[in-house]
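Each chain, written out:
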Amino acid sequence: MVDWVKSLSRVLYIDLSRKLFWVENREDLFSKWLGGIGVAIQLYREEVPKGADPLGPENTAIFAVGPLTGVYPMASKVVAVFKSPLNGFVAESHGGGRAATAIRFAGYGAIVIKGASDMPIYVVVDEEKVRFRDAGALWGMRSSETVGRVLREALPGAGYRTIMRIGRAGERLIRYATLTAETYRHFGRMGLGAVFGSKKLKALVVIGKKGFKLPDIKAYREVYRELYELTRGPSTRKYHDLGTAANVVPLDKLGALPTRNFSSGRFEGAREISGEKLAEENLARRLACTACPVACIHLAAIREEYEDEKYFYKTEFVPYDHEPIYSLGSNLGISDRYGLLKLIKAVEDEGIDAITTGVVLAWATEALEKGIISIKETLVELRWGNWRNYIKAVNYIVLQPNEFYKSLGLGVEEAASRYGGLEFALAYNKVEPAGYHTGPLFHASLAIGFRHSHLDSGAYSIDQNLVASGASLPSPEDAAKLIIGEESWRQVLNSLVICLFARSVYTGKIVEKALKALGYDIDELTLVNLGKRIYLEKHRTKALEGFKPDQVRIPRRFLETPTPLGQVSEEYLRKIIAYYSKLVSESTESTL
Amino acid sequence: MKRLVVVDSNRCVGCDLCVYACTNRYGHIGISKSAIHVRSAGGVERGFVVIVCRACKDPPCARACPVNALTLRQGGGVVLNPSKCIGCGFCVNACDIGAVMWDSEFMKPVICTHCGYCVTFCPHNVLSLEEVG
């Protein structure tokens, strides 16, 4: 076997119940499934029994990197797999910062966190050992930023470590709590923060400085240079300049920017909260994940005068991206840029998923407007655009002062199931949507994608291409094939592990070359087939847990509000879902 | 002769590609053999500290070496003779800016040769190679 696989195959197991750790050689997995999601889904199948409680000790948090991690530009992500406390199914979330390289250079291909601690702890991993440390002083801290600062100062490894931690939301088991790395990057979706909270695990710090000898430095340098030039080229330019916020204006023009709980695709305040305006007025610094020349992370600075004293100011930094701009901006009718940034900051401090939070609050606002609930439940008047009250509501979601906010902490579908208004409670399989209302393929991909995420297959861009070309909609079967084909190829990228912003750089040909320089003998066609197999492994795992795609609820609001491709037809979506359902249910080990 | 300089650390986005480039010179990936170190200036929102050898004319590291393994380099800085080096680490402690790194595999210092390979892979013009008299 290739030496590179050997160096990647060390899996670190950490048992929080027994405060034990050990390392196993899992060449069996890394030689068959590359790394990343390919390996992580297999580890999940080994570790998490059917029927496991997502917030119980039998749930397991698995982090995996891949053969290209730390080797080539933009191989900068970690894949996390766990059972989601938001919807009760196997879930996947990706995070950046320094997490990927720290894990790889600590000498591991994956870290498996099992069991649950009986007291708050944090765990420090380095090249030699694992330390279990008392997190009593960190538990309950108001801002997750402070937690990061304390750990930063208490621990060694500045410059080659990751500090992944949860906020109060994770401790309090808010089902969509995030895990945050390096203050501004998140394993954002599906509630990994609550899984950490249920294990009383406040933080996972990984410190890694190891190096690995390359098998063929000449071949490597050649591929590296090509990738370095490509990753700095036009395909990533927009992520560098304006960041993902570059999407706001074009989506609004198209009529695909979700506004006021998806009641419209156009927002009159779009320009005010656009990437352009934020860059001109608020952008303070750009940051990169390790090994990424693009630096898509955009931080705004907000200067604020204290109310009780003139000329007494503080300056805070707030990360912004398209998704929070949509979910906490246009979707809540907020066009006040300062207010939006303050709201994002509140969400960051608590450590909850910005998308879900925005969608939950949009539902609550509409429910209040329609008289389904009253201020007795909401405690503050939730009104489109009133960011001050939304900030209070964010704190209430985490502090849970009444039954209503306890429901909001379970996600929009649970809340609406109790209080009503399901037709405008926006989620597929209990997962709230990303910020696109581009057309039927986007919606279909949310319904059938493994994570119910826009990143599963990027179908929002298939929709947009259809708008641009004026072509007619593909048949449901062709649409399903397009979505599933793209999601399958992305399994290869997510096994290597490549940031999806570099998806157009890492073509099959380039990946083949990049792997070859490390000693792998695997051609493009084999990669494509591997992607299909990983796709089916994942979706079959979810099916075994009881996911019934045919029963996925399609909120009426999604069908009523026109997209640039017209109103989405339920029949069309159902046909795509049926195709998917058949594909997964008919697949067996022998068809893989 | 040339020396490596940090033109403007405020342009640094913390991608570490300079660090990886430096390690690559030895046919490795990773951080362990890099003569450059990048870390946050106390939280990434405050930016980054980029630590490189500044090619001192009268380098404290050389003076601290008990076995003359570090000799003066033309144009500033030092050249390491690894066969002489006993791995005591005095040079690391002697450099107040922390620019003498440590290779824990070989137990010897990593000394910047001012070759400028890192400059080629800095995407945001933080580093440059400058002529010294």
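Owing to the predicted nature of the structure, the values given are computational and were not obtained by experimental measurement.

Visitor: It is not clear to me how the sheet that holds strand S11 (residues 185–187) of chain A should be interpreted in this structure. Could you clarify?
Guide: Residues and elements named next belong to chain A. Read from one edge of the open sheet, six strands run S8-S7-S12-S9-S10-S11, paired in mixed fashion. Of all the strands in the sheet, just strand S8 (130–134) and S11 have a single pairing partner and so form its edges. Recorded for the sheet is a direction-independent mean angle of 20° between the axes of neighbouring strands. Strand direction decides the pairing type here: strand S7 (residues 121–125) and S8, joined by five bridges, are antiparallel.

Visitor: Would you mind showing me how to read the environment of A:Leu20 here?
Guide: Residues and elements named next belong to chain A. Checked against the element boundaries, Leu20 lands in strand S2 (residues 20–25). Sequence separation of Leu20 and Asp550 is 530 residues, and the distance between their C-alpha atoms is 43 Å. Setting aside its immediate chain neighbours within four residues, Leu20 contacts Tyr13, Ile14, Asp15 and Phe132.

Visitor: Could you clarify how one ought to interpret the nonpolar core in this entry?
Guide: Counting 162 residues, the largest nonpolar core has A:Phe63, A:Leu68, A:Tyr72, A:Leu192, A:Phe196, A:Tyr506 and B:Leu127 as its most contacted members. In this structure, this core is formed jointly by two domains, domain 1 (1–52 + 112–128) and domain 2 (56–110) of chain B, each of which donates at least three residues. The residues touching A:Leu192, leaving out its near neighbours within four places in the chain, are A:Ala61, A:Phe63, A:Ala80, A:Phe82, A:Ala177, A:Leu179 and A:Phe187.

Visitor: Is there a simple way to think about the domain arrangement of chain B in this case?
Guide: How big an interface is tends to be stated in terms of the accessible area lost upon association of its parts. Residues and elements named next belong to chain B. Domain annotation of chain B identifies domain 1 (1–52 + 112–128) and domain 2 (56–110). Taking only C-alpha atoms into account, the centre of domain 1 sits 19 Å from that of domain 2. Taken together, the contacts link 15 residues of domain 1 with 13 residues of domain 2. Contact between domain 1 and domain 2 buries roughly 1,000 Å² in total, counting both sides, with carbon and sulfur atoms accounting for 52%. Sorting the residues of domain 1 by area buried against domain 2 places Met1, Lys33 and Ile51 first, and these three jointly supply 43% of that buried surface. At the junction of domain 1 and domain 2, the tally comes to two salt bridges. Measuring nitrogen to oxygen at the nearest pair gives 2.8 Å for the salt bridge that ties Glu105 to Lys33. The class makeup of the residues in the side of domain 1 that touches domain 2 is seven nonpolar, six polar and two charged.

Visitor: Sorry, what's going on with the interface of chain A and chain B here?
Guide: Taken residue by residue, the interface counts 41 residues in chain A and 34 residues in chain B. For the pair chain A and chain B, the two sides together bury roughly 3,000 Å², of which 58% comes from carbon and sulfur. At the junction of chain A and chain B, the tally comes to one salt bridge. Linking B:Asp16 and A:Arg98 is a salt bridge whose minimum nitrogen-to-oxygen distance equals 2.8 Å. Linking chain A with chain B are 15 residue pairs in polar contact (both at pLDDT 80 or more), by the criterion used here. It is helix H8 (residues 217–231) of chain A that contributes the most residues to the side of chain A that touches chain B, six residues altogether. Split by residue class, the side of chain A that touches chain B holds 21 nonpolar, eight polar and twelve charged. Across three bridges, the pairing between strand S13 (residues 211–213) of chain A and strand S2 (residues 28–30) of chain B is antiparallel. Looking at S2(B), one finds that A:Lys213 is bridged to B:His28.

Visitor: What exactly am I supposed to notice about unusual backbone geometry here?
Guide: Excluding glycine, residues mostly have negative phi values, and the peptide bonds linking residues are mostly trans. Residues and elements named next belong to chain A. Here the residue pair Leu496 and Val497 is connected by a cis peptide bond, since its omega of -5° sits within 30 degrees of zero. Turning to its location among the elements, Val497 is positioned in the loop between helix H21 (476–496) and helix H22 (508–516). We note that Met190 has phi near 75°; this positive angle belongs to a residue other than glycine. Structurally, Met190 is set in the loop between S11 and helix H7 (192–198). Look at Gln400: it is not a glycine, yet its phi comes out positive at around 55°. Position of Gln400 relative to the elements: it lies in the loop between helix H16 (387–399) and helix H17 (403–408).

Visitor: Would you take a moment to explain the packing of aromatic side chains for this structure?
Guide: Each aromatic ring pair is characterised by the separation of its centres together with the angle its planes make. A full pass over the atoms with the stated rule returns 25 aromatic pairs over all chains. Relative to A:Phe547, the ring of A:Phe89 has its centre 5.5 Å away and its plane inclined at 70°; by these criteria the two rings are edge-to-face. Taken together, the residues span a long stretch of sequence, with A:Phe89 in the loop between strand S4 (78–83) and strand S5 (90–95) and A:Phe547 in the loop between helix H23 (524–544) and helix H24 (556–560) at a distance of 458 residues. A:Phe547 shares its class with A:Phe89; the two are buried. Among the aromatic residues, ring-to-ring pairing joins A:Tyr72, A:Tyr220, A:Tyr224, A:Tyr228, B:Tyr117 and B:Phe121 into one connected group. Here the basic side chain of A:Arg104 rests over the ring of A:Phe212, its NZ or CZ set 4.4 Å away from the ring centre. Positioned above the aromatic ring of A:Phe424 is the side chain of A:Lys370, whose terminal nitrogen or guanidinium carbon lies 4.8 Å from the ring centre.

Definitions and cut-offs
Note that residues are indexed from 1 along each chain, following the sequence as it is written. Each chain gets a letter, beginning with A, and each ligand a number, beginning with 1, in the order they are written. Local features in a predicted model are, by the rule used here, given only for residues with pLDDT of at least 70; side-chain atom pairs are given and counted only at 80 or more, and totals for whole chains, interfaces and linings are based on all residues. The side-chain values count all of the structure's non-hydrogen atoms but skip hydrogen atoms and water molecules. Two strands form a pair only when DSSP identifies at least two bridges running between them. Runs of H or I in DSSP of at least four residues are treated as helices and runs of E of at least two as strands, each being numbered from the N terminus. Here an angle of 0 to 180 degrees is reported between the N-to-C directions of two axes, which are lines fitted to C-alpha atoms, with helices fitted over the stretch in contact. Whether two residues touch is decided by their heavy atoms; if any such pair falls within 4.5 Å, the residues are in contact. What we call a nonpolar core is a set of buried Ala, Val, Leu, Ile, Met, Phe, Trp, Tyr and Cys residues that are connected through their side-chain atoms within 4.5 Å. Buried, partly exposed and exposed residues are distinguished by accessible area as a fraction of the type maximum, computed with a 1.4 Å probe on protein chains only: under 20%, between the cut-offs, and over 50%, respectively. As annotated, the domain borders come from an automatic or database domain assignment. A quick way to say it: buried area is the sum, across both parts, of accessible area lost when two parts are put together, with a 1.4 Å probe. By definition, a salt bridge exists where a carboxyl oxygen of Asp or Glu is found within 4 Å of a side-chain nitrogen of Lys or Arg. For this classification, the nonpolar set comprises Ala, Val, Leu, Ile, Met, Phe, Trp, Tyr, Cys and Pro, the charged set comprises Asp, Glu, Lys and Arg, and every other residue, Gly included, is treated as polar. Residues adjacent in sequence count toward polar contacts only when both atoms are side-chain atoms; beyond that, a polar contact is any pair of N or O atoms within 3.5 Å, and within protein one must be able to donate a hydrogen and the other to accept it. Stacked, tilted and edge-to-face pairs are distinguished by plane angle, under 30 degrees for stacked and over 60 for edge-to-face with tilted covering the rest, among Phe, Tyr and Trp rings (Trp via its six-membered ring) whose centres lie within 6.5 Å. Sitting over a ring, as applied to charges here, requires NZ of Lys or CZ of Arg to be within 6 Å of the ring centre and within 35 degrees of the ring normal.

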